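# An overview of the molecular structure
Residues per chain, in single letters:
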Amino acid sequence: MSDGYYYFVSTRIENKELLENKKIFSGAWCFDTRENLIKEKKNHHIVMNDPWEELSDFESRYEFIFKSVRIFSKKLSNYLNNIHNTNYDERYWNILILPWLVNYLPSLYFRWEIVKNAIQLSKGKLSFSLFENKSVREVNNTIDFHNLISSNDEYNYYIFKEILKHFSKNNQPIKFYTKKINFKNTKEYKNFFLLNNFWDKLNFSIAQNNKIFLDDKLLKKGNFFKINSNIKQIPLKSLSYFNYQRELQILRNIKYSSEKRQNFRIFNNHNNEFYKFLEKQIISDLPKAFIEGYETINNITKNLQTKTKLIISGYKHFHSEIFKIWSANCVKDKKTKLFLYVHGGSEQVKYTGCLQFESLIADKKITWSKPRNKNDLQMPPLYLNERNFKRKQPEFLTFVEEGHTRYHNRISTPSVPKLYKNYDFITYLINNLNQNIKNKILYLPTNHFNFDETEKLKTLLDKKYINKKNSLKNYINKSRLVICPYPVTPLAESILSGPTILINEFKKIPLYKFNFDFEKEFVKNKICFGSIQDACKHINEIWNNPYDWWSSTGVQNVINHFKKDYCNIKKNYLREWENLINKSIN
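Now for a look at the structure at hand. (Residues numbered from 1 in each chain as written. Predicted model: local features only at pLDDT ≥ 70, side-chain atom pairs only at ≥ 80, totals over all residues. Heavy atoms only, no water.)

### Describing the overall build of the protein chain
- Counting its secondary structure elements, the protein chain contains 25 helices and 15 strands.
- With the C-alpha coordinates of the protein chain rotated into their principal frame, the extents come out at 65 × 65 × 45 Å.
- A fraction of 75% describes how many contacts in the protein chain between residues 6 or more apart in sequence connect residues 24 or more apart.
- Here the protein chain has roughly 26500 Å² of accessible surface; of this, 47% comes from carbon and sulfur atoms.
- Each charge class in the protein chain was averaged separately, 93 positive and 59 negative side chains, and the resulting centres sit 4 Å apart. (Helix = DSSP H or I, 4+ residues; strand = E, 2+ residues; numbered from the N terminus. Contact = heavy atoms within 4.5 Å. Areas by Shrake-Rupley, 256 points an atom, 1.4 Å probe, with all protein chains shown as cover. Lys, Arg positive; Asp, Glu negative; His and termini not counted. Charge placed at Lys NZ, Arg CZ, Asp CG, Glu CD.)

### Thoughts on the packing of helix H4 (residues 90–121) against helix H6 (residues 153–169)
- Relative orientation of the contacting elements H4 and H6 amounts to 55 degrees, with a least axis distance of 10 Å. Put simply, H4 runs oblique to H6. Judged by the sense of rotation from one axis to the other, the crossing of H4 with H6 is right-handed. Between H4, through Leu108, Arg111, Trp112, Ile114, Val115, Lys116 and Ile119, and H6, the contact on the second element is made entirely by Asn156, Ile159, Phe160, Ile163, Leu164, His166 and Phe167.
- The class makeup of the residues in the contact of H4 with H6 is 10 nonpolar, 2 polar and 2 charged. (Axes fitted to C-alpha atoms, helices over the stretch in contact; angles between N-to-C directions. Parallel < 35°, antiparallel > 145°, perpendicular 65-115°, else oblique. Left-handed = near helix turned anticlockwise from the far one by under 90°. Nonpolar A, V, L, I, M, F, W, Y, C, P; charged D, E, K, R; others polar.)

### Brief notes about helix H9 (residues 244–251)
- Among the residues of H9, Arg246, Glu247, Leu248, Gln249 and Leu251 are the ones counted as buried.
- Its side-chain oxygen placed 2.8 Å from the backbone nitrogen of Gln245, Asn243 serves as the N-cap of H9. (Buried < 20%, exposed > 50% of the residue type's maximum accessible area, 1.4 Å probe, protein only. Polar contact = N/O pair within 3.5 Å; in protein donor to acceptor, adjacent residues only side chain to side chain.)

### Here we look at the pairing of strand E9 (residues 364–367)
- Taken together, the 3 bridges between strand E8 (residues 337–341) and E9 define a ladder with parallel strand orientation. Paired with Leu340 across the two strands is Lys365, which belongs to E9.
- Direction of pairing for E9 relative to strand E10 (residues 376–378): parallel, over a ladder of 3 bridges. Its bridge partner lying in E10, Lys365 is registered against Asp376. (Pairing = 2+ DSSP bridges.)

### Let's talk about the packing of aromatic side chains
- Considering all chains together, one arrives at 57 aromatic pairs under this definition.
- Geometrically, the ring pair formed by Trp52 and Tyr109 is tilted, given 5.9 Å between the ring centres and 40 degrees between the ring planes. Here Trp52, found in the loop between strand E3 (46–47) and helix H3 (55–84), pairs with Tyr109, found in helix H4; they are 57 residues apart in sequence, far enough to count as distant. Here Trp52 and Tyr109 have matching classes, each one buried.
- Between Phe213 and Phe242, the aromatic rings sit 5.7 Å apart at their centres with planes inclined by 85 degrees, giving edge-to-face as the arrangement. Taken as a pair, Phe213 in strand E6 (residues 212–214) and Phe242 in the loop between helix H8 (221–230) and H9 lie far apart in primary sequence, 29 residues in all. (Phe/Tyr/Trp six-rings, centres within 6.5 Å; stacked < 30°, edge-to-face > 60°.)

### Observations regarding unusual backbone geometry
- Look at Lys123: it is not a glycine, yet its phi comes out positive at around 55 degrees.
- Inspection of the secondary structure puts Lys123 in the loop between H4 and strand E4 (126–130).
- Accessibility expressed as a relative area gives 77% for Lys123, which makes it exposed.
- Phi is positive for Lys335, which is not a glycine, with a value near 55 degrees.

### Some points on a nonpolar patch on the surface
- Taken together, the side chains of Phe198, Trp199, Leu202, Ile206 and Ile234 make up a nonpolar region of the molecular surface, amounting to roughly 480 Å² of accessible area.
- Along the chain, Phe198 turns up in helix H7 (residues 194–206).
- You can call Phe198 exposed: its relative accessible area is 56%. (Patch = residues over 30% accessible without salt bridge, like charges linked within 9 Å, V, L, I, M, F, W, Y side chains within 5 Å. Salt bridge = Lys/Arg side-chain N within 4 Å of Asp/Glu carboxyl O.)

### Observations regarding the packing of H8 against helix H25 (residues 573–585)
- Contact pair H8 / H25: the axes reach a minimum separation of 10 Å and the direction vectors enclose 45 degrees. Comparing the axis directions of H8 and H25 gives the class oblique. Considering only the axes of H8 and H25, their crossing is right-handed. Note on element contacts: H25 touches H8 through Tyr573, Leu574, Trp577, Glu578 and Ile581, opposite Asn223, Lys226, Ile227 and Asn230.
- Looking at side-chain class alone, the contact of H8 with H25 contains 5 nonpolar, 2 polar and 2 charged residues.

### Quick word on the sheet that holds E3
- On the basis of which strands lie adjacent, the open sheet formed by 5 strands has the order E3-E2-E1-E4-E5 and parallel pairing. In the strand order of this sheet, the two ends are held by E3 and strand E5 (174–178), each with one partner.

### Looking at helix H13 (residues 321–334)
- For H13, built from 14 residues, the straight-helix expectation of 20 Å at 1.5 Å per residue is met to within 8% by its first-to-last C-alpha distance of 19 Å.
- For H13, the tally of buried residues reaches 11 of 14 residues, placing the bulk of the element in the interior.
- Restricting attention to buried positions, one finds in H13 the residues Glu321, Ile322, Phe323, Lys324, Ile325, Trp326, Ser327, Ala328, Asn329, Cys330 and Val331.
- Put simply, Ser320 is the residue that caps the front of H13, since its side-chain oxygen is 3.4 Å from the backbone nitrogen of Ile322.
- After H13 finishes, the residue Lys335 shows a positive phi value of roughly 55 degrees. (Expected span 1.5 Å × (residues − 1).)

### Overview of the side chain of Ser369
- With respect to the helices, strands and loops of the structure, Ser369 is situated in the loop between E9 and E10.
- Ignoring sequence-local partners within four residues, the contact set of Ser369 consists of Glu347, Gln378, Phe514, Asp565 and Tyr566.

### Here we look at the pairing of strand E14 (residues 500–503)
- In E14, alternate side chains face the same way, and those of Thr500 and Leu502 on one face and Ile501 and Ile503 on the other are all buried.
- With 3 bridges connecting them, strand E13 (residues 479–484) and E14 associate as parallel partners. Across the sheet, residue Ile483 finds its bridge partner in E14, namely Ile501.
- Note that the unit made of E13, helix H20 (residues 489–495) and E14 has a crossover that is right-handed.
- As judged from the 2 bridges shared by E14 and strand E15 (residues 528–529), these two strands associate in the parallel manner. Within E15, the position partnered with Leu502 by the bridge is Cys528. (Right-handed = clockwise from strand over helix to strand, strands pointing away.)

This is the structure we're talking about:
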């Protein structure tokens, strides 16, 4: 621009509209391909870096968000009691709102800091194009928000727009230009739940005397029926009532009400500028399930009343608003105990993306790892105990993809995984591994937004790209060596089965320490490497017989500590779970 202003580009929406202007891009998510990203950098445009890239920056932000979640949960509880004319305690509303709030607050704060840094970088000369998209603010439920903030350009444009408007009102000289753009219509969904509705009514009726609700997604079908049989109750498996897609169908037909979201102040004269922004924004952004749709969902839960004394959830307390309100009502009215099972190896890392919110609402938070909080309880991990980890046909070098979303959607380290990291790692391995090893590479994809990287990998690997469901589960027993580029669930699965290496910089993604220094011992025993170059060298050295290295005293000492601290595998795991259940209801 001739006046020296930079256009701020928040998403791909503006990038396609603003062709010839000097630009500051909010992040690499503004580009469809790596080539376009490189081209714009060569043209002297600016692409913002992750504002929390350094661990020291991240730690202070994590602490701030950790405290903010607890502050806002209290304020929102007061607000929800006010508009629904109720007097429920904070825990009741926390069961409903915390799974949303722990993603909402860090997502907005991350974008807030990008805008703040862009204003500073432009020396106060920033401009932005205003496109009208009012309806996009209407979020239906927790999963709807997660999907929108993770991948939807229009929703992310809306969030950036509101942040920029706030800065402009507070003495930041941002120029706004009104432009027209046609947004896509919302997709219509048909009702496929008639048969499932009938099943749920029948199943809840038959199981109305059950004392325990056990999330059927926690166990294989056989073990789910076995454990219900052993505790002498009819299995209750919900197909419709606790299905978030059915909730979306209900909530889409409920009108968003701006009136209900006005005239309520969360704070009085707070001096934190981000909190001032959230004063009105957070009320506008609350999912309809908490406000306009609450009464409808609450009425549905009245048909689900059972004699439940204990609820054990692994997924539904995050995915389903009907389940959350039903659970909260059971806890409030019947003093039902609520146990939340934290799935996966996320508790291995020091800074968990869920901010330990389960400990605020659960009577017991059941984890794979040793306890961090007072109400944590380590139990044998059902998911891992049900697996056969013997590598009967160890042949392949298996690379487990690090998946991530287009946009930042939670607080984690790193905040934004490095784009094309998987492709760069695989390319290096192909170019530097011994010939007999590179022919054995298998690539196991996960849920991944970067379609450009995916296409590049498919072209590079051809049939070695295993595009199948549950690929790690199906191919782990065929792996001679597994490479994990991040330290969460796949690392635990792989370590329990045999030779595994982790590629991770602990200064960026530290592990949670109990009484054993895993970071030091992982590096010392060549289980973890800070770079693909060092990992590749190690693979070339041990490939002919990786078990010589894996069976060494030092490595096995680390693995034994890992099992004890992070994933407590036991042969009699079902009996231990049955004992916990029986003890908890008596």
